[in-house]
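# Structural overview
The residues making up each chain are set out below.
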Amino acid sequence: PEEIERRVGLWTGGRRYGRAWDEFHFEHLDKIILTQGNYDLLAGMLESLRNHPIVQHWSERMEGVEVSALGEIGGVLMKGRCDALTPEPLVDLKKVASADPGIITKTILSFGYHIQAYIYRKLFDKDRFLLICVESSPPYDVVPYELSPSFLRQGEREGLELLERYQECMESGAWPGR
């Protein structure tokens, strides 16, 4: 959140075309460019994150943000980039439409966040994995979810199966569909 001014450019010139846009875009090549509406949504999410007691707790213990790690898992070179590195757990921030527990569970399985948790835990040598979910519309509810040991074991099983299948495809040169 403290990096918003350095990392975000606010475009207020209407449609993204023409000379003014080209000049603005060129001046902000190293930034994420947002319109006023998207900037306001981001500001609302950041404010909710700053005010949440669990986020405050982990923010005080952060060793780094957007930290990358490389390592071999199941014979495959992997790279991970965690949103916040703390002594324990790894923290990953997710923007969600709804932080409802039932929807989050489906989202974790659908997007493979439990597999991501397995890979990141191995790369960063951590035992715990915390998703901090922030809703993308007002009131920007913030809900932290620590993945349970059973979710983490499932992520490990599925992750290792995928890595094994990947290695088989690499060796055979055959890449079947689903």
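None of the values given here were measured: they were computed from a predicted structure.

## Points about the overall build of the chain
Helices and strands together make up the secondary structure of the chain, namely seven helices and seven strands. Listing every helix and strand of the chain by position from the N terminus yields α-β-α-β-α-α-β-β-β-α-α-β-β-α. The C-alpha extent of the chain, read off along each of the three principal axes, is 50 × 45 × 30 Å. In the chain, buried positions account for 39% of the 178 residues. Long-range contacts, defined here as pairs at least 24 residues apart, represent 61% of the contacts in the chain between residues at least 6 apart. Counting every atom, the chain has about 11,200 Å² of accessible surface; 52% of that belongs to carbon and sulfur. In the chain, 21 side chains carry a positive charge and 28 a negative one; their mean positions are 2 Å apart.

## Concerning the packing of helix α6 (residues 113–124) against helix α7 (residues 149–172)
Interhelical geometry of α6 versus α7 gives an angle of 85° and a closest axis separation of 7 Å. In this view, α6 runs roughly perpendicular relative to α7, as classed from their interaxial angle. Across the interface between the two elements, His114, Ile115, Ala117, Tyr118 and Arg121 from α6 touch Phe151, Leu152, Gln154, Gly155, Glu156, Glu158, Gly159, Leu160 and Leu162 from α7. For the contact of α6 with α7, the residue count by class is seven nonpolar, four polar and three charged.

## Observations regarding the packing of aromatic side chains
Think of a pair of aromatic rings as described by two things: how far the centres are apart, and how the planes are tilted against each other in angle. Per the stated rule, a full pass over the model turns up seven aromatic pairs. Look at phenylalanine 111 and tyrosine 113: their rings are 5.8 Å apart centre to centre, the planes differ by 20°, and that puts the pair in the stacked class. For phenylalanine 111, a relative accessible area of 59% corresponds to the exposed category. Assessed through its relative accessible area of 17%, tyrosine 113 is described here as buried. What links up through ring pairs into an aromatic cluster is the set Trp11, Trp21 and Phe24.

## Details of the side chain of aspartate 92
Within the secondary structure, aspartate 92 sits in strand β5 (residues 90–96). Aspartate 92 sits in the buried class, given a relative accessible area of 3%. Of the polar contacts made by the side chain of aspartate 92, one reaches the side chain of lysine 94; its length is 2.8 Å. Discounting residues that sit within four places of it in the chain, aspartate 92 has contacts with Asp83, Gln116, Phe129, Leu130, Leu131 and Ile132.

## Observations concerning unusual backbone geometry
Going from glutamate 88 to proline 89, the amide bond is cis rather than trans, its omega being 10°. Following the sequence through the fold, proline 89 ends up in the loop between β4 (76–85) and β5. Of note, the amide linkage connecting proline 138 to proline 139 takes the cis form, showing an omega dihedral of 10°. A positive phi angle, near 55°, is found at tyrosine 140, a position not held by glycine. Within the secondary structure, tyrosine 140 sits in the loop between β6 (129–135) and β7 (142–146).

## Topic: the pairing of strand β1 (residues 8–11)
As paired elements, β1 and strand β2 (residues 32–35) share four bridges and run parallel to each other. The partner of leucine 10 across the bridge, within β2, is leucine 34. With helix α2 (residues 18–27) bridging β1 and the parallel β2, this β-α-β connection has right-handed handedness.

## Notes on the nonpolar core
Ile119, Phe124, Phe129 and Leu147 are the most contacted members of the largest nonpolar core, which totals 28 residues. Elements that contribute at least two residues to this core include exactly β3 (64–73), β4, β5, α5 (101–111), α6, β6, β7 and α7. For this core, the element with the most residues is α6, which contributes eight residues. Contacts of leucine 147, omitting those with residues within four sequence positions, involve Ile108, Tyr113, His114, Ala117, Phe129, Leu131 and Leu152.

Thresholds, definitions, all that
Residues numbered from 1 in each chain as written. Predicted model: local features only at pLDDT ≥ 70, side-chain atom pairs only at ≥ 80, totals over all residues. Heavy atoms only, no water. Helix = DSSP H or I, 4+ residues; strand = E, 2+ residues; numbered from the N terminus. Buried < 20%, exposed > 50% of the residue type's maximum accessible area, 1.4 Å probe, protein only. Contact = heavy atoms within 4.5 Å. Areas by Shrake-Rupley, 256 points an atom, 1.4 Å probe, with all protein chains shown as cover. Lys, Arg positive; Asp, Glu negative; His and termini not counted. Charge placed at Lys NZ, Arg CZ, Asp CG, Glu CD. Axes fitted to C-alpha atoms, helices over the stretch in contact; angles between N-to-C directions. Parallel < 35°, antiparallel > 145°, perpendicular 65-115°, else oblique. Nonpolar A, V, L, I, M, F, W, Y, C, P; charged D, E, K, R; others polar. Phe/Tyr/Trp six-rings, centres within 6.5 Å; stacked < 30°, edge-to-face > 60°. Polar contact = N/O pair within 3.5 Å; in protein donor to acceptor, adjacent residues only side chain to side chain. Pairing = 2+ DSSP bridges. Right-handed = clockwise from strand over helix to strand, strands pointing away. Core = buried A, V, L, I, M, F, W, Y, C linked by side-chain atoms within 4.5 Å.

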